[in-house]
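Letter by letter, the chains look like this.
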Amino acid sequence: MTDDSLETFLQPLFIQKNVSLAPYNTFRFEHKAQYFAEIDSLDLLTEALRWAKHIDIPVTVIGGGSNLLISDEVLGLVLVNRLMGKTAEVSGDSVLLQVSSGENWHQLVAYTVEHQWYGIENLALIPGTVGAAPVQNIGAYGVEVKDVLTRVQVLDVMSEALEWLTAESCGFAYRDSHFKGLWQGRYIITAVEMQLHCLPSYSLNYGGLKQQIQGEVTLAKVFDAVCAVRQSKLPDPAKLANAGSFFKNPIVNAEQHEELKRRFPNLVSFPFGEAFKLAAGWLIDQSGWKGVIHKGVGVYDKQALVLVNYSEHKADALLELESKIKQSVLDKYGVFLEREPVKLPAVDAMASIVEGGIQ
Ligand SMILES: Cc1cc2nc3c(=O)[nH]c(=O)nc-3n(C[C@H](O)[C@H](O)[C@H](O)COP(=O)(O)OP(=O)(O)OC[C@H]3O[C@@H](n4cnc5c(N)ncnc54)[C@H](O)[C@@H]3O)c2cc1C
């Protein structure tokens, strides 16, 4: 029996071969997964992992594909997370929510607002799944998911152990966590636990939210204001392919900030602990990129931080545009822009061939 037919013989029926990932990433790039399955139970997840381990291929889990830059075929097994379900336990003035990782994030926010539970309303309309929220510690309008997370449930890919990790152990930082670094590929997030408040508590000092709300502040009004502000600024991925902010806001120390402010008095920046966060959108806009179209991709004309895909099937033009933008911001401001979406595959096929060749 050849290796290929052995694989096919053992391959569970729910795993398909050579599947286009276009419907599973919001840039809609059409690169394929070598093997592919949608997973809606822990049993199926474990079976898929065992099969992948058996034939020694890597596993990549994706949720809504709204923070991905798929730039080539993804080798190994790609699992789309469809784990569903949630429970809520009210105790005194707070509620403890446990939510399966395949649930839709925005629908969860809407559900908490309906129940008058405070804490994640500022994170409304962020696309994607609940399980991806801890990966880059999603944030918007002065709130980050780490502010409410208590624990993250994970399946250890190697040992198959299901365990709860405390939020403190997850290394949360600005658009970052151990799931993106130290623990990359080690765990699949299966559920999250968060504590929300039953009494009013708002965070309105960011992004002009306060000005959007007329009269008495209510939870529903904050939720509506966040949705309205976002809809006015960000393209809907269902209508125009994009992955939200393409670059992180760069962080510079006080000395660099002072020097930049001296050279560019209109610089948009925010204090960030003892350092400063620069508005990446402003840097890109001031470097002349807003609205620019390059082949079939471009810089969104209402928000320079967002790159959009008008018509490309592959990511090449977007990668070219990314490096042109990075270079011009570096030349003008001496600041390096870091990409926010996760690139798949993490290492280019060409790069690994070159690496292999050199060794
Ligand atoms: C229009 C738009 C607006 C956005 N606005 C914001 C914003 O305001 N703030 C913000 O922070 N982000 C924003 N984003 C980015 C994105 O929505 C979030 O990062 C979101 O959490 C991604 O969820 P997802 O399910 O689509 O993850 P995916 O894109 O599918 O995956 C992202 C990463 O997480 C990993 N991953 C996914 N699920 C799991 C799991 N269960 N276990 C382990 N790893 C997993 C993937 O392997 C990948 O590395 C925006 C995106 C768009 C398109």
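Residues numbered from 1 in each chain as written. Predicted model: local features only at pLDDT ≥ 70, side-chain atom pairs only at ≥ 80, totals over all residues. Heavy atoms only, no water.

S.K.: Would you mind showing me how to read unusual backbone geometry here?
M.R.: Excluding glycine, residues mostly carry a negative phi; peptide bonds, for their part, are mostly trans. A cis amide bond links L344 with the next residue in sequence, P345, at an omega value of -10°. One can find P345 in the loop between β20 (342-344) and α9 (349-358). If you check the backbone angles, N18 has positive phi at about 50° while not being a glycine. Along the chain, N18 falls in strand β1 (residues 16-20). Even without being a glycine, R28 presents a positive backbone phi close to 60°. Inspection of the secondary structure assignment puts R28 in the loop between β1 and β2 (32-39). Its relative accessible area of 35% is what places R28 among the partly exposed residues. (Helix = DSSP H or I, 4+ residues; strand = E, 2+ residues; numbered from the N terminus. Buried < 20%, exposed > 50% of the residue type's maximum accessible area, 1.4 Å probe, protein only.)

S.K.: Can you walk me through the sheet that holds strand β18 (residues 297-299) in this structure?
M.R.: Strand-to-strand pairing in sheets goes through backbone hydrogen bonds, with the strands running parallel or antiparallel. With antiparallel pairing, the 4 strands of this open sheet are ordered in space as β13-β19-β18-β17. Two strands lie at the open edges of the sheet, namely β13 (241-245) and β17 (293-294), each paired on one side alone. Of the strands in this sheet, β17, β18 and β19 (306-309) touch helix α8 (residues 316-333), which is tilted by about 30° from β18. (Pairing = 2+ DSSP bridges. Contact = heavy atoms within 4.5 Å. Axes fitted to C-alpha atoms, helices over the stretch in contact; angles between N-to-C directions.)

S.K.: What am I meant to see in helix α3 (residues 105-114) here?
M.R.: Owing to its 3.6 residues per turn, the α-helix aligns residues three or four sequence positions apart on the same side. Those residues of α3 not exposed but buried are W105, L108, V109, T112 and V113. Seen along its axis, α3 keeps its buried residues to an arc of 140°; they face one direction. Along α3, the residues that are exposed and aim more than 90 degrees away from the buried face are Q107 and E114. For α3, the elements touching its buried residues are β6 (86-91), β7 (94-100), β12 (187-197) and α5 (219-233). (Arc of directions from axis to C-beta.)

S.K.: What is the right way to look at the site of the ligand in this model?
M.R.: Near the ligand lie 31 residues; those nearest to it are V61, G63, S66, N67 and T129. Taken by itself the ligand offers 980 Å² of open surface, and the protein chains cover 93% of this. For the shell around the ligand, the secondary structure elements donating two or more residues are β3 (59-62), β8 (139-140), β12 and β13. Residue composition of the shell around the ligand, by class: 16 nonpolar, 12 polar and 3 charged. Viewed by domain, the shell around the ligand spans two of them, domain 1 (3-81) and domain 2 (86-233), each represented by three or more residues. (Near = heavy atom within 4 Å. Areas by Shrake-Rupley, 256 points an atom, 1.4 Å probe, with all protein chains shown as cover. Nonpolar A, V, L, I, M, F, W, Y, C, P; charged D, E, K, R; others polar. Domains from an automatic or database assignment.)

S.K.: Would you mind showing me how to read the pattern of salt bridges here?
M.R.: Opposite charge on two side chains makes pairing possible when the charged atoms of those side chains draw close. One pass over the full model with this rule turns up 15 salt bridges. Note that K248 is salt-bridged to E338, the shortest N-O span being 3.4 Å. Placement of the pair is K248 in the loop between β13 and β14 (251-252) and E338 in the loop between α8 and β20, with a sequence separation of 90 residues. Take K248: its relative accessible area is 10%, and that puts it in the buried class. Residue E338 is classed as partly exposed on the basis of its relative accessible area, which comes to 42%. Note that R262 is salt-bridged to E259, the shortest N-O span being 2.9 Å. In this pair, R262 and E259 are both assigned in helix α6 (residues 254-263), 3 residues apart and thus about one turn of the helix distant. (Salt bridge = Lys/Arg side-chain N within 4 Å of Asp/Glu carboxyl O.)

S.K.: Please explain the packing of aromatic side chains as it appears in this structure.
M.R.: Two numbers describe a pair of aromatic rings. These are the distance of the centres and the angle of the planes. Tallied over the entire structure, the rule returns 13 aromatic pairs. Consider the rings of F27 and F246, whose centres lie 6.2 Å apart with planes at 65°: the pair is edge-to-face. In this pair, F27 is assigned in the loop between β1 and β2 and F246 in the loop between β13 and β14, connecting sequence segments 219 residues apart. Given the relative accessible area of 0%, F27 is considered buried. For F246, a relative accessible area of 1% translates into the label buried. Pairing W282 with Y333 gives two aromatic rings, centres 5.9 Å apart and planes at 55°, and the pair type is tilted. Pair noted here: W282 is in helix α7 (residues 280-286) and Y333 is in helix α8, with a separation of 51 residues, a long-range link. With respect to burial, W282 and Y333 carry one shared label: buried. The rings of F27, F29, F246 and F247 are connected pair by pair, giving a single aromatic cluster. Between R151 and the ring centre of W164, over which it is positioned, the NZ or CZ distance is 4.5 Å. A cation over a ring is seen here: K277 above Y174, with NZ or CZ 3.9 Å from the ring centre. (Phe/Tyr/Trp six-rings, centres within 6.5 Å; stacked < 30°, edge-to-face > 60°. Lys NZ or Arg CZ within 6 Å of the ring centre and 35° of its normal.)

S.K.: Any chance you could explain the nonpolar core here in plain terms?
M.R.: Nonpolar side chains tend toward joint burial in soluble globular proteins. W105, I120, F179 and M194 are the most contacted members of the largest nonpolar core, which has 45 residues in total. Counting only elements with at least two residues in this core, the list comes to β7, α3, β10 (149-156), β12 and α5. Counting residues per element, this core draws most heavily on α5, at 7 residues. If you look at the next biggest cluster of nonpolar residues, it comprises 31 residues, including L260, I284, I325 and V329. (Core = buried A, V, L, I, M, F, W, Y, C linked by side-chain atoms within 4.5 Å.)

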